[in-house]
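Chains, contacts and geometry: an overview
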Amino acid sequence: MLRLIKRVLAGLAVALLTLVTVIGFNTLRYTPEHVSEDAPVFELGADLEAATSNLSQAVKFKTISTEMTHPDFEDFLEFLQKTYPAVHTTMAREVLARKTPLYKWQGSDPSQAPILLAAHYDVVPIAPGSHDLWEYEPFSGVVADGFVWGRGTLDDKGAAIALLTAAEHMIQQGFTPKRTIYFAFGGDEEVGGLGAIAVTLHLKEQGVELDWMLDEGSFVLDKIIPGLEQPVASINLSEKGILTLELVAKAEGGHSSMPPRTTAVGRISQAVARLQDKPVPGGLNGISAEFFDSLGQHFPLGQRVVFANQWLFRPLLEKILSGAPSTDAMLRTTTAPTMLTGSSKENVLAAEASAKINFRIHPRDSIKDIVEHVRRTIDDPKVEILYDSERATPASPVSSSEAEGYAQIKSSILDAFGPLATVPGLTIAATDARHYGKAAKNAYRINPFKITGSDLPRIHGTNERLSIENLERGINFYGALLQKQ
Ligand SMILES: [Zn+2]
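Overview of the structure. (Residues numbered from 1 in each chain as written. Predicted model: local features only at pLDDT ≥ 70, side-chain atom pairs only at ≥ 80, totals over all residues. Heavy atoms only, no water.)

This brings us to the pattern of salt bridges. Under the criterion given, the structure shown has 17 salt bridges. Taking the shortest distance from any N to any O, the salt bridge between E33 and K410 comes out at 2.4 Å. Within this pair, whereas E33 is found in the loop between α1 (2-29) and α2 (48-60), its partner K410 is found in helix α13 (residues 404-417), the two being separated by 377 residues in sequence. In this structure, E372 engages R375 in a salt bridge whose closest nitrogen and oxygen atoms are separated by 3.7 Å. Taken together, the residues E372 and R375, both in helix α12 (residues 367-378) and three residues apart, mark about one turn of the helix. Classification of R375 by relative accessible area gives partly exposed; the value is 45%. Here the salt bridges share partners, and the residues they tie into one network are R179, D211, E404 and K441. (Salt bridge = Lys/Arg side-chain N within 4 Å of Asp/Glu carboxyl O. Helix = DSSP H or I, 4+ residues; strand = E, 2+ residues; numbered from the N terminus. Buried < 20%, exposed > 50% of the residue type's maximum accessible area, 1.4 Å probe, protein only.)

See the structure below:
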């Protein structure tokens, strides 16, 4: 008996030792690729003072997307012509729908596929009642405390000015790219992107197939991801789609003193509750796995053990990541009930009740998949499921993180920012890239600016600003990227 116990214990010890060894081995192997700490940060040498003043000027144009007929749209394009003369004499320019200019910088080697670099210059309005909360007038472009202040600095005039500054400087220095480079500056990104659609159709009509394109859709995130000390450049490979479903239940109506056991409101409430209880399945595969796998390598040892041993810890990891809205959104199609209707009087039964559910579609799901999920989950044939197919947008295809374009964007980020973590990610909002991407093999999304958690509410919010240091990094990023072409 004693001998048996000893043998079992010995067996357990060997198993435990093997487990610890495997976990340890996986963790040691699971480290990010080495990034040289002492490579000098790339400096293009463009005039930063002039760039700062140009961004300040750019902010003054009230290119608010809800006021598309405002003369400032036209004036902004004229301002670009005056401010960047070398760009405008070297490149061909056409202004397409929604005052969206498309520039063509002819390359010297026609055998190379062209690329497109994009930004947008329309901005969201100042929210009613928030005007007094701004430290400086939102359209004054004040330069103070090391920042250019105002609506559009972060989203997305800063990127447009950084790109044009880099190009202007390089043309003056005699640079010609080998491949043809297009620039597009959307005039209505915030309200649907008809400008970007026009650019895409125009390129397709001319038989242009872009090798890759780059637009906004992420930033260099500084201490925004909990537990991660170093900044992370998330170069996003795809963006989520949008689908709003309307659930409708009809009933007899009548006075509330004699209600049936199930009312229209009750039916809709139950449907919403069922959807809330059963999220769309998701998890660590596809682009979600790629993102968290790359990210995990940069965590301190304690967390790295978990990411490195997903064969053992995946259920635990998925549970933790599903627990916070920001990481849950990276794992699955999200379900957000946003609107409800019922009766308009407290003592009248609703003849019709409805709910609107806003889904942000993960690239692994199609619109059909989501409608099917909802039908199965609600499991009530008396609830109609309606949607406007014109407005439903599928997630965009997932671009390759192995392709040349990704490598060039990544190395240009490292050139301009110095050592930091780079990961392939997913944009959870919508950008013009979803349109431009249709004319490109690969579409990538990042703005070359480093932001902290306190910057996030400034985007579309109050006190939007871009540091001059960031503007400089942005110019150097685009400079490094253009030099590779
Ligand atoms: Zn934007």
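Pairing is antiparallel in the open sheet, where four strands are placed in the order β12-β14-β10-β15. Only two strands of the sheet have a single partner each, and these edge strands are β12 (334-341) and β15 (383-386). Neighbour to neighbour, the strand axes of the sheet diverge by 25 degrees on average, direction disregarded. Sheet analysis places strand β10 (residues 241-250) next to strand β14 (residues 352-361), joined by ten bridges and oriented antiparallel. Counterpart to V248 in the pairing with β14 is S354. Across the sheet, helix α7 (residues 264-277) is in contact with β10, β12, β14 and β15; its angle to β14 comes to roughly 15 degrees. The strands touched by α12 within the sheet are β10, β14 and β15, with β10 carrying the most contacts at an inclination of about 30 degrees. (Pairing = 2+ DSSP bridges. Axes fitted to C-alpha atoms, helices over the stretch in contact; angles between N-to-C directions. Contact = heavy atoms within 4.5 Å.)

Let us now look at the packing of helix α5 (residues 153-172) against helix α15 (residues 468-483). Where α5 meets α15, the axes come as close as 8 Å, and the angle between the chain directions of the two elements is 50 degrees. Looking at the two axes, α5 sits oblique to α15. In terms of crossing hand, the pair formed by α5 and α15 is right-handed. Along the contact surface, α5 presents G158, A159, A162, L163, T165, A166, A167 and M170, while α15 presents L471, G474, I475, Y478, G479, L482 and Q483. Residue classes in the contact of α5 with α15 are distributed as ten nonpolar, five polar and no charged. (Parallel < 35°, antiparallel > 145°, perpendicular 65-115°, else oblique. Left-handed = near helix turned anticlockwise from the far one by under 90°. Nonpolar A, V, L, I, M, F, W, Y, C, P; charged D, E, K, R; others polar.)

Everything listed is a geometric property; what it means functionally is a separate question.
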